[in-house]
Amino acid sequence: AGKLRAIRDSHGRHALAGFGSAKGTNEEAYLFQKLVRTGFGSNNVDHCTRLCHASSVAALMEGISSGAVSNQVNDVARAEVIFLIGANPVSNHPVAATWIKNAIRKGARLIYADPRRSELSRHAAYALQFKPDTDVALLNAMMHTIVQEGLVNEAFIRSRTIGYEELRKNVAGYSPEAMAPVCGVPAETIREVARLYAKSRASMILWGMGISQHVHGTDNARCLIALCLMTGQVGRPGTGLHPLRGQNNVQGASDSGLIPMVFPDYQRVDHADARARFEKLWGVSLDPQPGLTVVEIMHAVLDGKIRGMYVMGENPAMSDPDAHHARAALAKLDHLVVQEIFLTETCYYADVILPATAWPEKDGTVTNTDRMVQLGRRALDAPGSAKPDLWIIQEIARRLGLEWNYSGPADVFNEMRRAMPSIAGITWERLERESCVTYPCEREGDPGQPVVFTERFPTPTGRAKFVPADIIPAAERPDREFPFVLITGRQLEHWHTGAITRRATVLDAIEPDPIASLHPLDLDAIGAKPGEVISVASRRGIISLYARADDGTPRGAVFIPFCYYEAAANLLTNPALDPFGKIPEFKYCAVKVTKGGELTPRSSYGGGQALAALLSA
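Residues numbered from 1 in each chain as written. Predicted model: local features only at pLDDT ≥ 70, side-chain atom pairs only at ≥ 80, totals over all residues. Heavy atoms only, no water.

**Points about the overall build of the chain**
At step 1: Of regular secondary structure, the chain possesses 23 helices and 25 strands.
At step 2: Since a compact globule built from 617 residues should have a radius of gyration of about 25 Å, the 24 Å found for the chain is in line with a globular shape.
At step 3: Sorting the 617 residues of the chain into buried and exposed places 63% on the buried side.
At step 4: Counting contacts in the chain only where the partners sit at least 6 residues apart, residues at least 24 apart contribute 75% of the total.
At step 5: When the accessible surface of the chain is totalled, it reaches about 22700 Å², and 52% of it is carbon and sulfur.
At step 6: Positive and negative charge centroids in the chain, built from 66 and 67 side chains respectively, lie 2 Å apart. (Helix = DSSP H or I, 4+ residues; strand = E, 2+ residues; numbered from the N terminus. Rg over C-alpha atoms; globule rule 2.2 N^0.38 Å. Buried < 20%, exposed > 50% of the residue type's maximum accessible area, 1.4 Å probe, protein only. Contact = heavy atoms within 4.5 Å. Areas by Shrake-Rupley, 256 points an atom, 1.4 Å probe, with all protein chains shown as cover. Lys, Arg positive; Asp, Glu negative; His and termini not counted. Charge placed at Lys NZ, Arg CZ, Asp CG, Glu CD.)

Right, dumping it as structure tokens:
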């Protein structure tokens, strides 16, 4: 803390930045962003939402002034049609996948759209394996059909939306016949799924990072919002918009203000009224300038503008795009403090490592993808010298000159209720009784609202806004030198950068080695067989890993999970950003694939080492 304070005092408040965590509690996220804003003195605070659904939130805030889901996952049980796009919930959201499968068994019809075919495809009434990077073409063609065939909900559009006429004119040029060669889905199939979605009593849209992680991610989400609004499929059970959240508290961390351009509850830092409210609550003058995002912070470090960082429960050395660039930035910092439960790749660059506590070792709340604020209770004592994250944050704050004296998470939550109207009616005592409460819950005793936007949207006019979108290509396209498209993501067994799950004996034993999935014909074309070593290279780096045949991966594409430190997929990815959500294009860049290569040696975990040690004990 002393070094951070010295950097602030010598180089100014914008010379520091902080990355918070979506794996911590709401109370930790709230205090972390408060520390950066009041202790560091800037809004240079962000977390992994920037790398997953930032573009979805940008589009949702623009269109309906709410970044959270309209309906909970279990509402698929009330839907007649489920439109799932850019997501693989069997691997990434298995609980949601179970709800979807159960809904299908009871008669719901699934439209599944994704460049990769997954296990859910066989449950779908329509499985649209469209070409990577063509989301807007497909969605605009669906909306063209709905307009052309008179399937819009005119009463809903008149009473609850603005901007429809501009959207109608825009989609006029996107006929299914024109878009079929672009997206690879037959025109008649596009028309059939558009009719199915528009005509049903209740249609629900769910999407994942296949929508958001593009330079046109915000445009992709704008199209989904427009599709929902033009058909009036929102504000009722079994309808609405649901961006599937990944981390256990990425929703809550975002709600709590762990974002550089907004205070808690998405109140803009550059809006004078919002800033005045938080200056009064916190008793300090606040920076009116929105802070830098994750990738922008790394650029600023290399430019010499940011000299110190405090990272809590994030692993940017593995999770950031163009990881060579991110690692160079971490190495250049004058001072890096990392607060962690394991020695991650980011810890290798740290000047100070603060041992923290895992989820079962502390009390606190998280908010899941369904807007449910859930209370976690400590079940285990922390090992060794590990301290609760809340205690660590508060101790650093005191050493930065802040007079904080929170007695525990309940004390912090009570302050959050004063800062965040969405949870003002949720008391700690109620959470202790009921374990979870759904927000918005603005007054004590309110039951919470599983379905929102029933009568109006939380915009100044009460109306939602249509925002047209046109086709914008990926920042980097395949060419003769790099003919393949790289798609990155997660797999069922391993979470994000693998720092936790690759240390879990059973999970590591099931998936011990780095793999790249290719279509069998593509593997044959490069002369490789499943299980052999291949190399994947982009303009930014090269990795070697084992080949896996997967006929669900489209020709000309390669899928690589980003959890393997010995073959880090993000050494290859493109740091190009969506201009609105500032999210990197993890789902598309140009690579070449060749047979052979030299595997990087493993360090202390992964590769089945935990199981081998257990069996030899």
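**Regarding helix α12 (residues 217-230)**
At step 1: Between its terminal C-alpha atoms α12 stretches 20 Å, which fits the 20 Å expected from 14 residues at 1.5 Å a residue.
At step 2: Of all 14 residues in α12, 14 are buried; the element is thus mostly enclosed.
At step 3: Trailing α12 by a residue or two, Gly232 shows a phi angle of about 65 degrees, which is positive. (Expected span 1.5 Å × (residues − 1).)

**Digging into the domain arrangement of the chain**
At step 1: The domain boundaries assigned to the chain delineate domain 1 (1-50 + 248-424), domain 2 (54-244) and domain 3 (484-595).
At step 2: In this assembly, 24 residues from domain 2 lie in contact with 23 residues from domain 3.
At step 3: In this assembly, domain 2 packs against domain 3 so that about 2000 Å² is buried in total across both faces, 55% of it on carbon and sulfur atoms.
At step 4: For domain 2, the biggest contributors to the area lost against domain 3 are Arg116, Gln213 and Val215; these three give 34% of the whole.
At step 5: For the pair domain 2 and domain 3, the number of links is one salt bridge.
At step 6: The salt bridge involving Asp551 is made with Arg117; its shortest N-O contact spans 2.9 Å. (Domains from an automatic or database assignment. Buried area = accessible area lost by both parts, 1.4 Å probe. Salt bridge = Lys/Arg side-chain N within 4 Å of Asp/Glu carboxyl O.)

**Observations concerning helix α10 (residues 187-199)**
Because the α-helix completes a turn every 3.6 residues, residues three or four places apart line up on one side.
At step 1: Given a rise of 1.5 Å per residue, 13 residues ought to cover 18 Å, and the 18 Å separating the end C-alpha atoms of α10 matches this to within 8%.
At step 2: Restricting attention to buried positions, one finds in α10 the residues Ala187, Thr189, Ile190, Arg191, Val193, Ala194, Leu196, Tyr197 and Ala198.

**Some thoughts on the nonpolar core**
At step 1: If you look at the biggest cluster of nonpolar residues, it comprises 56 residues, and the most contacted ones within it are Phe83, Ile85, Ile111, Ile205 and Met230.
At step 2: Counting residues per element, this core draws most heavily on α12, which supplies nine residues.
At step 3: Residue contacts for Ile111: discarding those within four places in its chain leaves Val81, Ile82, Phe83, Leu84, Tyr126, Leu128, Val193, Leu196 and Tyr197.
At step 4: Residues Ile7, Leu258, Met312 and Tyr406 belong to the second largest nonpolar core, which totals 49 residues. (Core = buried A, V, L, I, M, F, W, Y, C linked by side-chain atoms within 4.5 Å.)

**So, the sheet that holds strand β20 (residues 533-537)**
At step 1: Read around the closed barrel, the six strands follow the order β18-β22-β19-β21-β20-β25; overall the barrel is mixed. Adjacent strand axes in the sheet meet at a mean angle of 45 degrees, parallel and antiparallel pairs treated alike.
At step 2: Relative to strand β21 (residues 542-549), strand β19 (residues 515-518) runs parallel, the two being bridged by four bridges. Bridge pairing in β21 places Ser517 opposite Arg548. (Pairing = 2+ DSSP bridges. Axes fitted to C-alpha atoms, helices over the stretch in contact; angles between N-to-C directions.)

**Some words on a nonpolar patch on the surface**
At step 1: A contiguous nonpolar patch, built from Ile341, Phe342 and Ile500 and spanning about 220 Å² of accessible area, is present on the exposed surface.
At step 2: If you trace the backbone, Ile500 turns up in the loop between β18 (484-489) and α21 (505-510). (Patch = residues over 30% accessible without salt bridge, like charges linked within 9 Å, V, L, I, M, F, W, Y side chains within 5 Å.)

**Remarks on the pairing of strand β15 (residues 372-376)**
At step 1: Across the five residues of β15, four count as buried, placing the element largely inside the fold.
At step 2: In this sheet, β15 lies alongside strand β14 (residues 364-367) in antiparallel orientation, the contact comprising four bridges. Across the sheet, the residue bridging to Val366 is Gln374, located in β15.
At step 3: The turn joining β14 and β15, which pair antiparallel and follow one another in sequence, is formed by four residues; a positive phi near 65 degrees is taken by Arg371.
At step 4: Pairing analysis gives three bridges linking β15 to strand β16 (residues 436-438), with the strands arranged antiparallel.

**Some thoughts on the packing of aromatic side chains**
Two aromatic rings are characterised by how far apart their centres lie and by the angle between their planes.
At step 1: The tally for this structure, following the rule as stated, stands at 11 aromatic pairs.
At step 2: With a centroid separation of 4.9 Å and an interplanar angle of 45 degrees, the aromatic rings of Phe32 and Tyr310 are classed as tilted. Of this pair, Phe32 sits in helix α2 (residues 26-40) while Tyr310 sits in strand β11 (residues 308-312), and the two are 278 residues apart along the sequence. For the pair Phe32 and Tyr310, one class covers both residues: buried.
At step 3: Relative to Tyr406, the ring of Trp404 lies with its centre 5.7 Å away and its plane at 75 degrees, an arrangement referred to as edge-to-face. (Phe/Tyr/Trp six-rings, centres within 6.5 Å; stacked < 30°, edge-to-face > 60°.)

**Let's talk about the pattern of salt bridges**
At step 1: According to the stated counting rule, one finds 37 salt bridges in the structure shown.
At step 2: For Glu296, the salt bridge is made with Lys582, and the minimal N-O distance between the two is 2.8 Å. Remark: Lys582 occurs in the loop between β23 (574-577) and β24 (584-585) and Glu296 occurs in helix α15 (residues 294-302); sequence separation between them is 286 residues.
At step 3: For the salt bridge of Arg602 with Glu566, the shortest nitrogen-to-oxygen distance reads 3.3 Å.

**Some remarks on the sheet that holds strand β5 (residues 126-128)**
The strands making up a sheet are joined through hydrogen bonds of the backbone, oriented either antiparallel or parallel.
At step 1: The five strands lie next to each other as β5-β4-β3-β7-β8, forming an open sheet whose pairing is parallel. Here the strands that pair on one side only, and so sit at the sheet edges, are β5 and β8 (240-243). With strand direction ignored, the average angle separating the axes of adjacent strands in the sheet is 15 degrees.
At step 2: Pairing geometry for strand β3 (residues 81-85) and strand β4 (residues 109-113), over five bridges, is parallel. Residue Ile85 lies in a different strand from β4, and its bridge partner there is Ala113.

**Observations regarding the packing of helix α6 (residues 135-148) against α10**
At step 1: Two elements in contact, α6 and α10, have axes separated by 9 Å at closest approach and are oriented at 65 degrees. Between α6 and α10, the interaxial angle falls into the category roughly perpendicular. Two packed elements cross with a definite hand, and for α6 against α10 that hand is right-handed. Between α6, through Leu138, Ala141, Met142, Thr145, Ile146 and Gln148, and α10, the contact on the second element is made entirely by Ile190, Arg191, Val193, Ala194 and Ala198. (Parallel < 35°, antiparallel > 145°, perpendicular 65-115°, else oblique. Left-handed = near helix turned anticlockwise from the far one by under 90°.)

**Focus on the pairing of β18**
At step 1: With six of its six residues buried, β18 lies for the most part within the structure.
At step 2: Residues Phe484, Leu486 and Thr488 line one face of β18 and the alternating positions Val485, Ile487 and Gly489 line the opposite face, and both faces are buried.
At step 3: With three bridges joining them, β18 and strand β25 (residues 589-595) adopt antiparallel strand pairing. By the bridge assignment for β25, Val485 is matched with Ala590.
At step 4: Pairing of β18 with strand β22 (residues 557-561) involves five bridges; the strand directions are parallel. Bridge assignment links Thr488 to a residue of β22, and that residue is Ile560.

**What to know about the environment of His324**
At step 1: Here His324 shows up in helix α17 (residues 323-332).
At step 2: A relative accessible area of 43% places His324 in the partly exposed class.
At step 3: In the structure, His324 is positioned 246 residues away from Asn570 in sequence and 8.5 Å away in space, judged by C-alpha atoms.
At step 4: Every residue in contact with His324, bar those within four places of it in the chain, is listed here: Arg540, Gly541 and Leu571.

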